[in-house]
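If you want the building blocks of each chain, they are given just below.
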Amino acid sequence: MNDSCTDNRAGGCSCAQVQQRAAVVQQVRKPYWFERFNWFLSGENYLVISGRDAQQNELLVKRYLR
């Protein structure tokens, strides 16, 4: 049986296969607070965060680093 469901010829996908594929929708995860900024994980597993401009840098210092 063809599981890829891409065959458009006669005998291709059945309605059951299409419904089964539609049920495999993944939920979207909630973004972390720091994803609004530039960030990466260092080699020592530290979270490094920077603002995209001076205003975001000030926001980071005032809100999260004090």
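These figures come from a predicted structure and were not determined experimentally.

Describing the overall build of the protein chain
Then comes step 1: On a plain count of helices and strands, the protein chain comes out with two helices and two strands.
Then comes step 2: Mapped in sequence order, the helices and strands of the protein chain form the string α-β-β-α.
Then comes step 3: Within the protein chain, the proportion of its 66 residues that are buried is 9%.
Then comes step 4: Summed over its atoms, the accessible surface of the protein chain is roughly 6,300 Å², and 53% of this surface lies on carbon and sulfur atoms.

What about the pairing of strand β2 (residues 47-50)?
Then comes step 1: Sheet analysis places strand β1 (residues 38-41) next to β2, joined by four bridges and oriented antiparallel. Counted as the bridge partner of N38 is S50 from β2.

Regarding a nonpolar patch on the surface
Then comes step 1: On the surface, W33, W39, L41, L47, V61, Y64 and L65 cluster together into a nonpolar patch covering about 660 Å² of accessible area.
Then comes step 2: Look at W39 and you get partly exposed, because its relative accessible area is 36%.

Thoughts on the packing of aromatic side chains
Then comes step 1: One pass over the structure, following the stated rule, counts five aromatic pairs.
Then comes step 2: Residues W33 and Y64 carry aromatic rings whose centres are separated by 4.1 Å and whose planes lie at 25° to one another, so their mutual orientation is stacked. Taken as a pair, W33 in the loop between α1 (15-22) and β1 and Y64 in helix α2 (residues 54-64) lie far apart in primary sequence, 31 residues in all.
Then comes step 3: Ring centres 5.0 Å apart and planes at 75° place the aromatic pair F34 and W39 in the edge-to-face group.

Side note on the confidence of the model for the protein chain
Then comes step 1: In the predicted model, the protein chain carries a mean pLDDT of 81, and 65% of its residues have values of at least 70.
Then comes step 2: Of all helices and strands in the protein chain, the one with the weakest mean pLDDT is α1 (64), whereas β1 scores best (97).

As for the environment of N57
Then comes step 1: On the secondary structure map, N57 appears in helix α2.
Then comes step 2: Among the residues examined, N57 registers a relative accessible area of 34% and is labelled partly exposed.
Then comes step 3: The contacts of N57, once residues within four sequence positions are left out, are S50 and G51.

Conventions we followed
Residues numbered from 1 in each chain as written. Predicted model: local features only at pLDDT ≥ 70, side-chain atom pairs only at ≥ 80, totals over all residues. Heavy atoms only, no water. Helix = DSSP H or I, 4+ residues; strand = E, 2+ residues; numbered from the N terminus. Buried < 20%, exposed > 50% of the residue type's maximum accessible area, 1.4 Å probe, protein only. Areas by Shrake-Rupley, 256 points an atom, 1.4 Å probe, with all protein chains shown as cover. Pairing = 2+ DSSP bridges. Patch = residues over 30% accessible without salt bridge, like charges linked within 9 Å, V, L, I, M, F, W, Y side chains within 5 Å. Salt bridge = Lys/Arg side-chain N within 4 Å of Asp/Glu carboxyl O. Phe/Tyr/Trp six-rings, centres within 6.5 Å; stacked < 30°, edge-to-face > 60°. pLDDT = per-residue confidence, 0-100. Contact = heavy atoms within 4.5 Å.

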